[in-house]
Amino acid sequence: MNNTLGKKERLKSQKLIGRLFEEGTSIKIFPFRLIYIVTEKPLLQSSFSVPKRNFKKAVDRNRIKRLIKEAYRLEKKNAFKTTSYNCVFMITFLGKKAPTFSEAQKKIGELLKLFIERQKRKENE
RNA sequence: AAAGCAGACCUAUCUUAUCGCUUUUAAAAAAUUAUUUUAUUUUACAUUGUAUGAAAGAUAAGUUUUAAAAGAGGAAAGUCCGGACACCAUAGAGUAGCACAGCGGAUAACAUCCGUCCAAUGUAAAUUGAGGACCAGUGCAACAGAAAGCAAGUACAGUUCGGCUGUAGUGAAACCAGGUAAACUCUGUGCGGUGCAAUGUCAUGUACAUUAGAGUUUGAGGGUAACUCGCCCGAUUCUAAGGGGUAGGCAGAUCGAUUCUAAGAGUAAUUUUAGAACUAGAUAAAUGAUAAGACUCUACUAAGAGAACAGAAUCCGGCUUAUUGGUCUGCUUUUUUU
């Protein structure tokens, strides 16, 4: 697992995103929420969103999205130890004020850890 | 020097280091898919000359790695005008409707821009302007007045004795004209509609709902964002082509009414010629993060912040709105000095 976050690791399929909102499971650590589903094929794709409701200006949304993306990129290798996964997920920012980078990185780290633990528990059951 | 007017340009800073994103180009790597063999080789089969299959080769595409280059704005915004481009007879013709409006010019075009006249404001630089036509018709007009039309008429004078002419009185205007077109209207010019989620194409691939052409029959009924004409749609047979969906890939898509420089034409907007340059191309949507230093500001030790409005989405020309700090140019007025 390297530091990169290219096109392949982004969630692009309309279908999968549709499914994500319909049947996805969500985990919350304020100010983030992670929705995920397990897929049939080995796949690890992510996407990030900031609701228009809380941030009206495109500049602000862009900025927050980039921060989250960067945080995810750096935390990814700590969280995902093995290489084969089969899930897609979306991280949404729920706060009303723009976060700083260090805050975001910490929270995203926690969020991913929690996500991995839950997955493992499920598999053991 | 102060105050003001007009215009142009820059601006989420710069340097280094470490990670990271998108596109393009080049090189390398394996294995994959497709095409090709009329002009490559080998082999199988059948035959003595060609067809078919397989493998290698070649070409193309994508994948990974490395390197290099480039990567948000003056408004990218509002979607308010004007175009390019694409499709559609719901597209044609006439009427209606809408927009614009001194005069002249620029332009692909415009409600934009330039020049100029007039009017208003200002000491001035300058700014603003719904500035075509009431000798085509219809309407409207406070107060005053007999009367601002469809009905009348006061006083005096003249008289060719006809309510024919003049004067007085009211008023901005009085017997046939004037004012008003941010009144109807008229004149001139322009305007079909829908928008890149347009549209074309490739792959997968199921079913007959689709499309095109030709023949036969019938023209009832229906469709068409104002109306009339027009136009289109039907049933059946034959032939040919492939549709829908997966909001899949590619094209459209960034080289263009382009940018810069020089010279010429023009008061100017603009334009001609020559030379040079490619300057974002994403698609759940790239242009970022961290650290150190510089610089600026608040503070004046420390410490903090990196500014306002704001993020390309088919592309251009404008307009409008939002707005931080700064640089430069031209001009006006007042005061001082010579």
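Structure shown above.
Description of the structure in this document. (Residues numbered from 1 in each chain as written. Chains lettered and ligands numbered in written order. Predicted model: local features only at pLDDT ≥ 70, side-chain atom pairs only at ≥ 80, totals over all residues. Heavy atoms only, no water.)

Next up on the list: the overall build of chain A. Within chain A one finds three helices and four strands. In chain A, the succession of helices and strands from N to C terminus is α-β-β-β-α-β-α. For chain A, the proportion of its 125 residues judged to be buried stands at 39%. Excluding contacts between residues fewer than 6 apart, the proportion of contacts in chain A whose partners are at least 24 apart in sequence is 79%. Total accessible area on chain A stands at roughly 8,300 Å², and carbon and sulfur atoms take up 50% of it. (Helix = DSSP H or I, 4+ residues; strand = E, 2+ residues; numbered from the N terminus. Buried < 20%, exposed > 50% of the residue type's maximum accessible area, 1.4 Å probe, protein only. Contact = heavy atoms within 4.5 Å. Areas by Shrake-Rupley, 256 points an atom, 1.4 Å probe, with all protein chains shown as cover.)

Bridge count for strand S1 (residues 25-29) against strand S2 (residues 32-38) is five bridges, and the pairing is antiparallel. Its bridge partner being in S2, Thr25 is matched across the sheet by Tyr36. Hairpin connection between S1 and S2: a loop of two residues separates the two successive antiparallel strands. (Pairing = 2+ DSSP bridges.)

Glancing now at the packing of aromatic side chains. Taken as a whole and judged by the stated rule, the model has three aromatic pairs. Here the aromatic residues Phe32, Phe55 and Phe93 are joined through ring pairs into a cluster of three or more. (Phe/Tyr/Trp six-rings, centres within 6.5 Å; stacked < 30°, edge-to-face > 60°.)

Another point: the pattern of salt bridges. The tally for this structure, following the rule as stated, stands at one salt bridge. We note a salt bridge from Glu70 to Arg73, for which the minimum N-O separation is 2.6 Å. Of this pair, Glu70 and Arg73 are both found in helix H2 (residues 58-79), three residues apart, which corresponds to roughly one turn of the helix. For Glu70, a relative accessible area of 31% translates into the label partly exposed. Under the relative-accessibility criterion, Arg73 is labelled partly exposed at 22%. (Salt bridge = Lys/Arg side-chain N within 4 Å of Asp/Glu carboxyl O.)

Turning our attention to a positive patch on the surface. Together, Arg63, Lys65, Arg66 and Lys69 make up a region of like positive charge exposed at the surface. Position of Lys65 among the secondary structure elements: in helix H2. Overall, the relative accessible area of 35% leaves Lys65 in the partly exposed class. (Patch = residues over 30% accessible without salt bridge, like charges linked within 9 Å, V, L, I, M, F, W, Y side chains within 5 Å. Lys, Arg positive; Asp, Glu negative; His and termini not counted. Charge placed at Lys NZ, Arg CZ, Asp CG, Glu CD.)

Our next topic: the environment of Arg61. One can find Arg61 in helix H2. Placed 41 residues apart in sequence, Arg61 and Leu20 show a C-alpha to C-alpha distance of 21 Å. If sequence neighbours within four positions are ignored, Arg61 has contacts with Val50, Pro51, Lys52, Phe55 and Lys56.

In this structure Arg61 is buried but unpaired, with Asp60 as the nearest side chain of opposite charge at 7.7 Å. A distance of 2.9 Å separates the side chain of Arg61 from the backbone oxygen of Phe55, its partner in a polar contact. (Polar contact = N/O pair within 3.5 Å; in protein donor to acceptor, adjacent residues only side chain to side chain.)

When the terminal C-alpha atoms of H2 are compared, their 30 Å separation across 22 residues agrees well with the 32 Å that a helix rising 1.5 Å per residue should span. Of all the bends in H2, the greatest, near 30°, is centred on Arg73. Of the positions making up H2, those classed as buried are Arg61, Ile64, Leu67, Ile68, Ala71, Tyr72, Glu75, Lys76 and Ala79. (Expected span 1.5 Å × (residues − 1). Bend = angle between axes of the 7 residues up to and from the residue.)

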